[in-house]
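Summary of structural features
Below, each chain spelled out in residue letters.
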Amino acid sequence: MPHEDREQETEQPAASAPHPPAPSTVPPDALIIVPVRDMVLFPGTVFPVTIARERSVLAAQQALREERPVGILMQRDPEIENPAWTDLHRVGTVANILRYINTPDGSHHLVLQGEQRFSLVEFVVEDPFFAARVLRIEQPDLLTPEIEAHTLHLRQQALEALQLLPQVPQELIGAVQSAASPTALADLVAAYLDIGAEEKQELLETIDITKRMDRISHFLARRIEVLRLTQEIGRQTKESLDARQREAILREQMVAIQRQLGETDGRGAEVAELSEAIAKAGMTPEAEEIARKELRRYERMPEAAAESGMVRTYLDWLIELPWALPEEQPIDLAAARQILDEDHFGLDKIKRRIVEYLAVRKLAPGGKAPILCFVGPPGVGKTSLGQSIARAMGRPFSRVSLGGVHDEAEIRGHRRTYIGALPGNIIQAIGKAKARNCVMMLDEIDKMGRGIQGDPSAAMLEVLDPEQNGTFRDNYLGIPFDLSRVVFLTTANMLDTIPGPLLDRMEIISLSGYTESEKLQIVRRYLLHRQFEANGIAPEQVEIDDESLQQIIHDYTREAGVRGLEREIGRALRHAAVQIAEGSATHVRIGSDDLTAILGPPRFENEVAMRTSVPGVATGLAWTPVGGDILFIEATRIPGRGSLILTGQLGDVMRESAQAALSVVKNRASSLGIDPNVFSDSDIHIHVPAGATPKDGPSAGVAMFTALVSLLTRRTVRSDTAMTGEISLRGLVLPVGGIKEKVVAAAAAGLTRVMLPARNRRDFEDIPEDARKRLEFIWLEKVDDAMTAALEDKPAEQAAAAE
């Protein structure tokens, strides 16, 4: 195979004048050097070389004028345009110029015949071309038994490789067979080996004939193995194609025989039916063109072909999708309010925002309405709100669960090249709803994962962007589908796990937990009727009073939503169902005295008074993804060296809050009547119970400060009071989040007073009316306000003595 010197200088015009003859400046004992790139010339071989650099052209022309041989040396780095002598290898080949050709395009070509190896001694000329004194390396034709064995083995390998190659010239086979000496055979095989230029240079520099033939044999063995595998793969592919062609011909003949016998397979009727369905589907011009094209392919395919079923499934999906926009029903806002009130109790702010949303959709049906995201704890009615919106708009409802989805193909679909490929969940949901303007609830959007198959949340960016989803492209369909008229709603328990760009496309509507009075109304209006139907009980067969329901809510559940409450009511009704089914009773009354026998002992009790009856314990308020909760901060003092011990699986932020609270107490020790030596002679241990649950955040700062002051002044914290707020080292109380959920939790726990940061007054309107009526609110500017409101007036010992 010809090797070329890959110079890329500007080509000279064909008519350019040759270089004028130059007087010889090369000593008689020197050799003119022609540098080449990515090419090694071996002795005894003939190869063409293209030269373009001026220095190479001058060197070749000078050698022709003086009828001298040239030295071919390969550059170490082929990227260097004008190499210095240090950029050249030290071993090359002396070559005779057999032909020098100037082509019309101005390029220069040499046909070189390698004669002998040489090693550089010194450069004597560097301009206008290289010339050097060299040491010619003689290769004696020794023929020992070892060399003869290597020669025989190498010749057999070379002939085997040539037989595996297609269209090998007979002259090359003859040259290998007739190589006169081991050196000639080794250089001939090395010249035609399919290896890199650096490896060929290594062979050129290997003077010992035995080592050189071993090295060439190694390269040749690897190449023979590759050629054998290539030949085997080609043979297997040809056999497979021949079998398929034979099967196709036989099937065509079978179809022709059936046609002659009048035994048609009904394919024509099926194709006609599909063609009519495509015409009625109301597809876009692009979709219809693709469908017609696939139908023609399907018509030509044998029925038993593997791809036939795939094409038919694809056509069915295209036909069944609702391409046309149905006639939209007008939105009745009064009816929408009635539906929302029927389906949900409370949630006034949420309902008002939904009515506003529906009003905008009524006035601008084709407008780009915002995408609502309902965020709240489990069981507060997020998914059912979507069903109510669909009922109010008179549109079909479709729900897509995104929890645990970690494959982008779940959203965009699989490509049709895969067996069993299907559209993504979005297109499938629209197909099931059979309406392009359905209400689609994307449930648990905060629980999408990410895996090696891609990031589904990134695919959701296009789905939830009104500017882009008009041309949503599912990988399975391969054509745009308009999602702009779909009403997308999403739900989540928390926002932390939703990526920022995705969160930016949605309007957040928060749903907090229900108060006990709201839960009682929900039970009366919804849950009892649902459980009566689920357990096959008529409402007149079982009677359960409000006191019993209130006791179930307070003593057997502690949640933001009502799912656990519904399960407990179901357990109570199943107890009555057993008596009715056995015939032992026709009417069952469930009272508060019966609950222990039916549901077991109460699971939750008011432990606030018991826990805060000793100094060093304060009641705090916490926010969790499933609603608010109360927590206890316990502090105690033990002999030590002034260390602060923190336990209860506290996060870094909460640990820093404890350090800050202790620093504020130390700073105010004299004003609080605390002996400063206490801090150096004692260790203070702060523990937050429920140690298996991780806790973090700055909002326990006030509670920690109050617990420490209570411990060190021996004044107990009021048992009816809970508190939240971050503190600074200056004693300021800073605002925190989750006020609504925390206050609802305090009311549910039976507390009557809550202490909140004064700068959280803006959240007062978000607190449910029932909780506001049951609680006394104390607004804190500084930690001094917390001490005044939370601590008893007398130390615990004095109070006990007075009693």
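What you see is a predicted model; the values in this text were computed from it and never measured.

From N to C terminus, the protein chain includes 29 helices and 24 strands. Expected size for 803 residues packed as a compact globule is a radius of gyration near 28 Å; at 45 Å, the protein chain overshoots this value by more than 25%. Taking the principal axes of the C-alpha coordinates as reference, the protein chain spans close to 125 × 100 × 55 Å. Just so you have it, the protein chain exposes about 39800 Å², and 51% of that area is on carbon and sulfur atoms. Charged side chains in the protein chain number 90 positive and 117 negative. The centres of these two groups are separated by 3 Å.

Note that Arg 353 resides in helix α11 (residues 348–363). Judged by relative accessible area, Arg 353 falls into the buried class, the value being 19%. Not counting residues within four places of it along the chain, the set of residues in contact with Arg 353 comprises Pro 370, Leu 372, Glu 507 and Ile 509.

With that settled, consider the nonpolar core. Core analysis: the largest hydrophobic core is formed by 57 residues, its most contacted members being Val 70, Ile 72, Leu 112, Leu 154, Val 189, Ile 216 and Leu 220. Discounting residues that sit within four places of it in the chain, Val 70 has contacts with Leu 31, Ile 32, Val 34, Ala 63, Thr 93, Val 94, Ala 95, Ile 97 and Leu 112. Counting residues in each nonpolar core, the second largest holds 55 residues, with Ala 390, Met 441, Tyr 556 and Ala 572 among its members.

Examined bridge by bridge, strand β16 (residues 617–624) and strand β17 (residues 627–639) share eight bridges and lie antiparallel to one another. Looking at the pairing, Ala 622 lines up with Asp 629 of β17. Relative to strand β19 (residues 682–687), β17 runs antiparallel, the two sharing six bridges. Among the inter-strand pairings, Ile 638 is bridged to a residue of β19, identified as Asp 683.

Averaged over all residues, the pLDDT of the protein chain is 83; the fraction at 70 or higher stands at 93%. Within the model, the stretch residues 1–23 combines pLDDT values under 50 with 58 contacts to residues more than four positions away or in other chains. Across residues 799–803, where pLDDT falls below 50, the model places zero contacts with residues more than four positions away in sequence or in other chains.

Moving on, we come to the packing of helix α17 (residues 516–534) against helix α19 (residues 563–582). Contact pair α17 / α19: the axes reach a minimum separation of 10 Å and the direction vectors enclose 50 degrees. Between α17 and α19, the angle is such that the two are oblique. Regarding α17 and α19, the two cross each other, and that crossing is right-handed. When α17 is examined against α19, the residues Lys 519, Val 523, Leu 527, Leu 528, Arg 530, Gln 531 and Phe 532 are found in contact with a partner set consisting of Leu 565, Glu 566, Ile 569, Gly 570 and Leu 573. Residues belonging to the contact of α17 with α19 are distributed by class as follows: seven nonpolar, two polar and three charged.

For Ile 553, the position within the fold is in helix α18 (residues 546–555). For the pair Ile 553 and Ser 680, spaced 127 residues apart in sequence, the C-alpha separation works out to 48 Å. In this view, Ile 553 contacts Glu 516, Lys 519, Leu 520 and Leu 565; residues no more than four positions away in its chain are not counted.

The subject of this paragraph is the side chain of Asp 683. Looking at the element boundaries, Asp 683 is found in strand β19. As a buried residue without a salt bridge, Asp 683 has its nearest oppositely charged side chain in Arg 641, at a separation of 7.6 Å. Engagement of the side chain of Asp 683 in a polar contact is seen with the backbone nitrogen of Arg 641, the distance being 2.9 Å. Of the polar contacts made by the side chain of Asp 683, one reaches the backbone nitrogen of Gly 642; its length is 3.1 Å. Dropping the residues within four chain positions of it, Asp 683 is found in contact with Thr 636, Arg 637, Ile 638, Pro 639, Gly 640, Arg 641, Gly 642, Ser 643 and Ile 645.

Inspection of the entire model under this criterion finds two cavities of 30 Å³ or more. The volume enclosed by the largest cavity comes to roughly 40 Å³. What lines the largest cavity is simply Val 36, Met 39, Val 40, Leu 41, Ile 72, Leu 73, Met 74, Gly 92, Thr 93, Gln 201 and Leu 204. Residue composition of the lining of the largest cavity, grouped by class: eight nonpolar, three polar and no charged. Empty space within the second largest cavity amounts to approximately 30 Å³. Lining the second largest cavity, in full, are Gly 642, Ser 643, Leu 662, Lys 666, Phe 679, Ser 682 and Ile 684. Along the lines of polarity and charge, the residues of the lining of the second largest cavity split into three nonpolar, three polar and one charged.

The parallel open sheet is built from five strands, whose spatial order is β8-β9-β12-β7-β13. Two strands close off the open sheet at either side, each with one partner strand: β8 (397–401) and β13 (506–510). Across the sheet, the mean angle separating the axes of adjacent strands is 25 degrees when strand polarity is ignored. Strand direction decides the pairing type here: strand β7 (residues 371–375) and β13, joined by five bridges, are parallel. Opposite Ile 371, over in β13, you have Met 506 as the bridge partner.

Each value, and the rule that gives it
- Residues numbered from 1 in each chain as written.
- Predicted model: local features only at pLDDT ≥ 70, side-chain atom pairs only at ≥ 80, totals over all residues.
- Heavy atoms only, no water.
- Helix = DSSP H or I, 4+ residues; strand = E, 2+ residues; numbered from the N terminus.
- Rg over C-alpha atoms; globule rule 2.2 N^0.38 Å.
- Areas by Shrake-Rupley, 256 points an atom, 1.4 Å probe, with all protein chains shown as cover.
- Lys, Arg positive; Asp, Glu negative; His and termini not counted.
- Charge placed at Lys NZ, Arg CZ, Asp CG, Glu CD.
- Buried < 20%, exposed > 50% of the residue type's maximum accessible area, 1.4 Å probe, protein only.
- Contact = heavy atoms within 4.5 Å.
- Core = buried A, V, L, I, M, F, W, Y, C linked by side-chain atoms within 4.5 Å.
- Pairing = 2+ DSSP bridges.
- pLDDT = per-residue confidence, 0-100.
- Axes fitted to C-alpha atoms, helices over the stretch in contact; angles between N-to-C directions.
- Parallel < 35°, antiparallel > 145°, perpendicular 65-115°, else oblique.
- Left-handed = near helix turned anticlockwise from the far one by under 90°.
- Nonpolar A, V, L, I, M, F, W, Y, C, P; charged D, E, K, R; others polar.
- Salt bridge = Lys/Arg side-chain N within 4 Å of Asp/Glu carboxyl O.
- Polar contact = N/O pair within 3.5 Å; in protein donor to acceptor, adjacent residues only side chain to side chain.
- 1 Å grid on protein atoms, 1.4 Å probe; cavity = no way out; pocket = protein on both sides within 12 Å on 5 of 7 lines; lining within 4 Å.
- Points joined across faces, edges and corners; volume = space filled by probe spheres on them.

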